[in-house]
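Below are the chains, spelled out letter by letter.
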Amino acid sequence: MIYLDNAGTTELSKSALDAMMPYLTREYGNASSLHSSGQRSKEALETAREDIAKCLNASPREIYFTSGGSESDNQAILSAAELGAKKNKKHIISSKFEHHAVLHTLKKLEKQGYKVTYLDVYENGIIHLDDLESAITEETCLVTIMFANNEIGTIQPIKEIGEICRKHGVLFHTDAVQAVGHINVDVKDQCIDMLSLSAHKFHGPKGIGVLYAKQGILLTNLIEGGAQERGRRGGTENIAGIVGMAQALKDAVKELDEVSKQETKLRDKLIESLGKIPHSSLNGDAKLRLSNNFNMCFEGIEGESLLLLLDDAGICASSGSACTSGSLDPSHVLLAIGRPHEVAHGSLRLTLSKYTTEEEIDYVIKKVPEVVEYLRKMSPVWDELEKGKKQHIL
Ligand SMILES: *Cc1c(COP(=O)(O)O)cnc(C)c1O
């Protein structure tokens, strides 16, 4: 199996699994218990918190463990909204192509009377800083813009966004689930007030993540319960998950330069080779994107059929986000960068990892054009395009 769906989730590394094993077996004490077994779990918990803080250039007090990226996004946004409401500030700025964990939380707030401005991301998948600055008003309580997009991999000018927010005294949250462990993240240098991350996107386990919130930001609880996470998130801590996440993040940060160099080389090979398929087009900026992200539209085909045939050929690919696949709506991300509906349906996302080899990529480069050609031969839409009854878009 050739696994190229690493933006969906990644393989748990051996190193993370090894770190977790004791806490899945003999070290099962509850970190809130006073006996020595509990205290060993508590120690593992706090060491993991320190390690993760160091990787982000944060302080351990600013790290809150959650169940993953979605929960962190929800808690960050709802906390900022509640803080804003206290000062009669009920305006939020975001972008059109955020993850649904952000977009659906914002929709909920809109129903409660908040106003949300969704910034355009233009054809290259990157916001304009002027648009951001002119959208900020006296009522703005939060800017939430993702670090890197999960479908097309484009990277936002995070530091510049952070600086603008700081200048105007507005809280800045970033969904950095695709960025952490893949590109350099430094919450101080990049002026980030709140940040979401998730372990399973960097070879850690599923169901565990972090919300970083700068000291002084009062979080709203999503889960009431015990005094865990300084009273901000109840529930017995998932020590094995937390320890595995910390190990995976330390590894990812250490290997970052080397891995991204290798991924960039393979990604560019994909872009160059598959870009030769007639009537195809890369989605998102070619350079300002994650080193592991390839996303292209092929005219005249259905992305879903392409995926199924690639699966038959042993290739795990995706047409976009894991959450929208299976639904017939075209990706909101591709629509946001201006792809018309009929083109947005024919997308292919291939996301690499440190385990991806050149042989695998060479096989994909051979297979994808064959499958695209096969599908086009059977497509009535393609027939119309070829006969000139319809105009090519790409
Ligand atoms: C995967 C992902 C999430 C959701 O994270 P979970 O840990 O699966 O809840 C949120 N945002 C982005 C950008 C993602 O890629």
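Residues numbered from 1 in each chain as written. Predicted model: local features only at pLDDT ≥ 70, side-chain atom pairs only at ≥ 80, totals over all residues. Heavy atoms only, no water.

A. Quick peek at the packing of helix α2 (residues 36–56) against helix α7 (residues 239–274). At a minimum axis distance of 9 Å, the contact between α2 and α7 shows a crossing angle of 30 degrees. Overall, the two elements α2 and α7 adopt an arrangement that is roughly parallel. Remark: the crossing between α2 and α7 carries left-handed chirality. Residues Ser41, Ala44, Leu45, Ala48, Asp51, Ile52 and Cys55 of α2 pack against Ile239, Ile242, Val243, Met245, Ala246, Leu249, Lys250 and Val253 of α7. Of the residues assigned to the contact of α2 with α7, the class counts are 12 nonpolar, one polar and two charged. (Axes fitted to C-alpha atoms, helices over the stretch in contact; angles between N-to-C directions. Helix = DSSP H or I, 4+ residues; strand = E, 2+ residues; numbered from the N terminus. Parallel < 35°, antiparallel > 145°, perpendicular 65-115°, else oblique. Left-handed = near helix turned anticlockwise from the far one by under 90°. Contact = heavy atoms within 4.5 Å. Nonpolar A, V, L, I, M, F, W, Y, C, P; charged D, E, K, R; others polar.)

B. Region of interest: the side chain of serine 72. Considering the arrangement of structural elements, one finds serine 72 in helix α3 (residues 69–86). Relative accessible area serves as the criterion here: at 0%, serine 72 is assigned to the buried category. For serine 72, the side chain forms a polar contact with the main-chain oxygen of glycine 68, separated by 3.1 Å. Excluding residues that lie within four positions of it along the chain, serine 72 makes contacts with Thr66, Ser196, Leu197, Val210 and Leu211. (Buried < 20%, exposed > 50% of the residue type's maximum accessible area, 1.4 Å probe, protein only. Polar contact = N/O pair within 3.5 Å; in protein donor to acceptor, adjacent residues only side chain to side chain.)

C. View of the domain arrangement of the protein chain. You can read the domains of the protein chain as domain 1 (2–6 + 256–386) and domain 2 (60–227). Relative to domain 2, the C-alpha centre of domain 1 lies at a distance of 28 Å. Across the boundary between the two partners, domain 1 contributes 25 residues, which contact 27 residues of domain 2. At the surface where domain 1 touches domain 2, the tally comes to zero salt bridges. Where domain 1 packs against domain 2, one counts nine residue pairs in polar contact (both at pLDDT 80 or more). Where the side of domain 1 that touches domain 2 is concerned, the elements lending two or more residues are β10 (293–298) and α9 (332–336). Residue classes in the side of domain 1 that touches domain 2 are distributed as nine nonpolar, 12 polar and four charged. (Domains from an automatic or database assignment. Salt bridge = Lys/Arg side-chain N within 4 Å of Asp/Glu carboxyl O.)

D. Inspection of the side chain of asparagine 221 at higher detail. Looking at the element boundaries, asparagine 221 is found in the loop between β8 (209–213) and α7. Side-chain polar atoms of asparagine 221 contact the backbone oxygen of glycine 231, separated by 2.9 Å. A distance of 3.0 Å separates the side chain of asparagine 221 from the side chain of arginine 232, its partner in a polar contact. If we ignore the near neighbours within four places in the chain, the residues touching asparagine 221 are Gln75, Gly231, Arg232 and Arg233.

E. Examining the packing of helix α1 (residues 14–24) against α7 more closely. At a minimum axis distance of 8 Å, the contact between α1 and α7 shows a crossing angle of 160 degrees. If you check the angle between α1 and α7, you find them roughly antiparallel. As α1 runs across α7, the sense of the crossing is right-handed. The segment α1 lies against α7, with Ser15, Ala16, Ala19, Met20, Tyr23 and Leu24 engaging Ile239, Ala240, Gly241, Val243, Gly244, Gln247, Ala248 and Asp251. When its residues are assigned to classes, the contact of α1 with α7 shows nine nonpolar, four polar and one charged.

F. Region of the structure containing the site of the ligand. Around the ligand, 13 residues are found, and the nearest of them are Ser70, Asp175, Gln178, Ser198 and Lys201. Aspartate 175 places a side-chain nitrogen or oxygen 2.7 Å from a nitrogen atom of the ligand. Relative to its unbound accessible area of 380 Å², the ligand is 87% covered by the protein chains. The element best represented in the shell around the ligand is α3, accounting for three residues. For the shell around the ligand, the residue count by class is two nonpolar, eight polar and three charged. (Near = heavy atom within 4 Å. Areas by Shrake-Rupley, 256 points an atom, 1.4 Å probe, with all protein chains shown as cover.)

G. Quick peek at the nonpolar core. Ranked by internal contacts, the top residues of the largest apolar core, which has 62 residues, are Leu56 and Leu195. Here the element with the most residues in this core is α7; it accounts for eight residues. Beyond its immediate stretch of four places on either side in the chain, leucine 195 contacts Leu56, His173, Thr174, Ala176, Val180, Val185, Val187, Val210, Leu211 and Tyr212. Of all hydrophobic cores here, the second largest spans 27 residues; its members include Leu266, Leu352, Val364 and Ile365. (Core = buried A, V, L, I, M, F, W, Y, C linked by side-chain atoms within 4.5 Å.)

H. Focus on unusual backbone geometry. Residues other than glycine seldom take positive phi values, yet arginine 230 does so here, at roughly 50 degrees. With respect to the element layout, arginine 230 can be found in the loop between β8 and α7.

I. The packing of aromatic side chains, seen in detail. Applying the stated criterion across every chain yields a total of zero aromatic pairs. Sitting over the ring of tyrosine 114, lysine 90 keeps its end group 4.9 Å from the ring centre. Sitting over the face of the ring of tryptophan 382, arginine 376 holds its NZ or CZ atom 4.1 Å from the ring centroid. (Phe/Tyr/Trp six-rings, centres within 6.5 Å; stacked < 30°, edge-to-face > 60°. Lys NZ or Arg CZ within 6 Å of the ring centre and 35° of its normal.)

J. How the structure looks around a nonpolar patch on the surface. Together, Leu12, Leu17, Met21 and Leu24 make up a nonpolar patch on the protein surface, roughly 320 Å² of accessible area in all. On the basis of relative accessible area, methionine 21 is assigned to the partly exposed category, the value being 39%. (Patch = residues over 30% accessible without salt bridge, like charges linked within 9 Å, V, L, I, M, F, W, Y side chains within 5 Å.)

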